[in-house]
Amino acid sequence: MRTVSIPLPTVLSGFVAVLVGYASSAAIIWQAAIAAGATTGQIAGWMTALGIAMGVSTLALSVWYRAPILTAWSTPGAALLVTGLQGVTVQDAIGVFIVANALIVLCGVTGLFARLMQIIPHSLASAMLAGILLRFGLQAFNSLNNALLLCGSMLLAWLMLKVVAPRYAVIAAMLVGIAIARLKGDIVTYNINLSPVMPEFIAPHFSLAHSISIALPLFLVTMASQNAPGIATMKASGYSLPVSPLIIFTGLLALLFSPFGVYSICIAAITAAICQSPDAHPDPQRRWLAAAAAGMFYLLAGVFGGSVTGLMAALPASWIQMLAGLALLGTISGSLYQALLHEAERDAAIVTFLVTASGLTLLGVGSAFWGLIAGGICYAVLRLSRRT
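Residues numbered from 1 in each chain as written. Predicted model: local features only at pLDDT ≥ 70, side-chain atom pairs only at ≥ 80, totals over all residues. Heavy atoms only, no water.

A. The arrangement of the side chain of Asn 227 in detail. Residue placement: Asn 227 occurs in helix H9 (residues 208-236). A distance of 2.9 Å separates the side chain of Asn 227 from the backbone nitrogen of Ile 267, its partner in a polar contact. What Asn 227 contacts, discounting residues up to four positions off in sequence, is Ile 104, Phe 113, Thr 222, Ile 247, Cys 266 and Ile 267. (Helix = DSSP H or I, 4+ residues; strand = E, 2+ residues; numbered from the N terminus. Polar contact = N/O pair within 3.5 Å; in protein donor to acceptor, adjacent residues only side chain to side chain. Contact = heavy atoms within 4.5 Å.)

B. Structural detail: the packing of aromatic side chains. This model, assessed by the stated rule, comprises four aromatic pairs. Here the aromatic rings of Trp 46 and Phe 97 are separated by 5.6 Å at their centres, their planes lie at 75°, and the arrangement is edge-to-face. Residue Trp 46 is found in helix H2 (residues 40-65), and its partner Phe 97 is found in helix H4 (residues 90-110); the two are separated by 51 residues along the sequence. The burial state of Trp 46 is the same as that of Phe 97; both residues are buried. Arranged with centres 6.1 Å apart and planes meeting at 55°, the rings of Phe 97 and Tyr 263 form a pair that is tilted. Linking Phe 97 in helix H4 with Tyr 263 in the loop between helix H10 (243-257) and strand E2 (266-267), this pair joins segments that are 166 residues apart in sequence. With relative accessibility at 3%, the residue Tyr 263 sits in the buried group. Feature note: the residues Trp 46, Phe 97 and Tyr 263 constitute an aromatic cluster, connected by ring pairs. Positioned above the aromatic ring of Trp 288, the side-chain terminus of Arg 66 is 4.3 Å from the ring centre. (Phe/Tyr/Trp six-rings, centres within 6.5 Å; stacked < 30°, edge-to-face > 60°. Buried < 20%, exposed > 50% of the residue type's maximum accessible area, 1.4 Å probe, protein only. Lys NZ or Arg CZ within 6 Å of the ring centre and 35° of its normal.)

C. Structural view of helix H16 (residues 367-387). Counted at 1.5 Å a residue, the expected span for H16 with its 21 residues is 30 Å, and the 30 Å between its end C-alpha atoms agrees. Of all the positions in H16, only Ser 367, Ala 368, Gly 371, Leu 372, Gly 375 and Tyr 379 are classed as buried. Looking straight down H16, one finds that the buried residues subtend no more than 130° of arc, so they occupy a single side. Of the residues in H16, the exposed ones pointing more than 90 degrees away from the buried face are Ile 377, Val 381 and Leu 384. If you follow the buried residues of H16, they end up packed against helix H6 (122-142), H9 and helix H15 (346-358). (Expected span 1.5 Å × (residues − 1). Arc of directions from axis to C-beta.)

D. Expanded view of the packing of H6 against H15. Orientation of H6 relative to H15, taken along the N-to-C sense of each, is 30°, at an axis distance of 7 Å. As judged from the angle between their axes, H6 and H15 are roughly parallel. You can see that H6 and H15 cross each other, and the crossing is right-handed. Counted together, Ser 123, Leu 124, Ala 127, Met 128, Ala 130, Gly 131, Ile 132 and Leu 134 of H6 and Ala 348, Ala 349, Thr 352, Phe 353, Thr 356 and Ala 357 of H15 form the full contact between these two elements. For the contact of H6 with H15, the residue count by class is ten nonpolar, four polar and no charged. (Axes fitted to C-alpha atoms, helices over the stretch in contact; angles between N-to-C directions. Parallel < 35°, antiparallel > 145°, perpendicular 65-115°, else oblique. Left-handed = near helix turned anticlockwise from the far one by under 90°. Nonpolar A, V, L, I, M, F, W, Y, C, P; charged D, E, K, R; others polar.)

E. The packing of H15 against H16, seen in detail. At a minimum axis distance of 8 Å, the contact between H15 and H16 shows a crossing angle of 160°. Of the possible angle classes, the one that applies to H15 and H16 is roughly antiparallel. Where H15 crosses over H16, the two elements pack in a sense that is right-handed. Of the residues in H16, those in contact with Asp 347, Ala 348, Val 351, Thr 352, Val 355 and Thr 356 of H15 are Ser 367, Ala 368, Trp 370, Gly 371, Leu 372, Ala 374, Gly 375, Cys 378, Tyr 379 and Leu 382.

F. Inspection of a nonpolar patch on the surface at higher detail. A surface patch of nonpolar side chains, amounting to about 310 Å² of accessible area, comprises Leu 112, Leu 116 and Ile 119. When you line up the elements, Ile 119 lands in the loop between helix H5 (112-118) and H6. (Patch = residues over 30% accessible without salt bridge, like charges linked within 9 Å, V, L, I, M, F, W, Y side chains within 5 Å. Areas by Shrake-Rupley, 256 points an atom, 1.4 Å probe, with all protein chains shown as cover. Salt bridge = Lys/Arg side-chain N within 4 Å of Asp/Glu carboxyl O.)

G. Focus on unusual backbone geometry. The phi dihedral of Arg 66 falls on the positive side, at around 50°, and the residue is not glycine. Here Arg 66 shows up in the loop between H2 and strand E1 (71-72). Overall, the relative accessible area of 42% leaves Arg 66 in the partly exposed class.

H. Structural context of the confidence of the model for the protein chain. Across the protein chain, the average pLDDT comes to 84, with 93% of residues at 70 or higher. For the protein chain, the element scoring lowest by mean pLDDT is helix H13 (residues 308-314), at 63; H10 scores highest, at 94. (pLDDT = per-residue confidence, 0-100.)

I. How the structure looks around the environment of Ala 60. Structurally, the position occupied by Ala 60 is in helix H2. With relative accessibility at 33%, the residue Ala 60 sits in the partly exposed group.

J. View of the pattern of salt bridges. All told, the structure shown has one salt bridge when counted by the stated rule. For Asp 279, the salt bridge is made with Lys 162, and the minimal N-O distance between the two is 3.7 Å. Separated by 117 residues along the polypeptide, Asp 279 in the loop between helix H11 (270-275) and helix H12 (288-303) and Lys 162 in helix H7 (residues 148-164) bring together distant segments of the chain. Given a relative accessible area of 30%, Lys 162 falls into the partly exposed group.

K. Focus on the environment of Ala 324. Inspection of the secondary structure puts Ala 324 in helix H14 (residues 317-339). Expressed as a C-alpha distance, the spacing of Ala 324 and Val 170, which sit 154 residues apart in the sequence, is 9.3 Å.

And the structure:
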């Protein structure tokens, strides 16, 4: 039987992708669950179910398509639920999850979403990706304000290894950062409990009012702010895969896990970009191994779902911000290059980039969607004007 060897930088890319995903929004998931009145044990079970569902979907899709396909929970969706679930019961929340995920499956089955994604120009997809990732680059260097020794040491280690061993630059930054943080006493581990928590089945309760006021917005926000950027990110990274099967598979898996607290499983954008970059593997055909490694780390995070928030809190925020920024530098620069490559499309691309980076939110939908809309309008108008 043929074995597949995975280089250390590739494994690290998967680890960093999962670390960034959990560090950036795990707390929001807890807030949404608390808003629905979930107990501490139920919340831990939700985190377990989410980790297992993301691990299974990431592994299955990456291995099947031999492409770096990462899945994630919907962070904008979780933010919506923090306010939307106020005053509802846990059973009502589960009903909302089931309705929203069923709508996602229906969207994939009809093929409407796939047809919409096919018309997005490559330059706009790249510009949108650069706009999404810009804040991670800015956060990394802004962290020098409050943690100069820690983040400056990480940056210096990254730069030195970029000269002699580029593929290990992020690894060096991570290890140096851990060493400095430990010496400074910035790693707090006394509140961490590594006991596994089994997900709890919760019988759903369906309400037409909640389906319209919570489930429908959750569906729209998830598709517009998570799945659309995720598919566009794959396209910008050079991976053109059939869209509908991805949406159907992730939607069905989320639907299956809904009674255990899985409110969404989507195609990832930000974390996927880490595994789709040259730093993950110089060969684009081998970058799926980074996603497969991320799938394994997802499963580990799922098994210890109850301790994820504690683990995130144990690490300095500035360490996570600098590590994420350094891991995404290559993707940010590559995306900007692709976005501005064609002179005729630059104006539309820069509009997409700026609107996406602005953080604009309208009607509960995030800036990535509106960046594509604004850039698409500019692209169509400017292209039409050149024909006349």
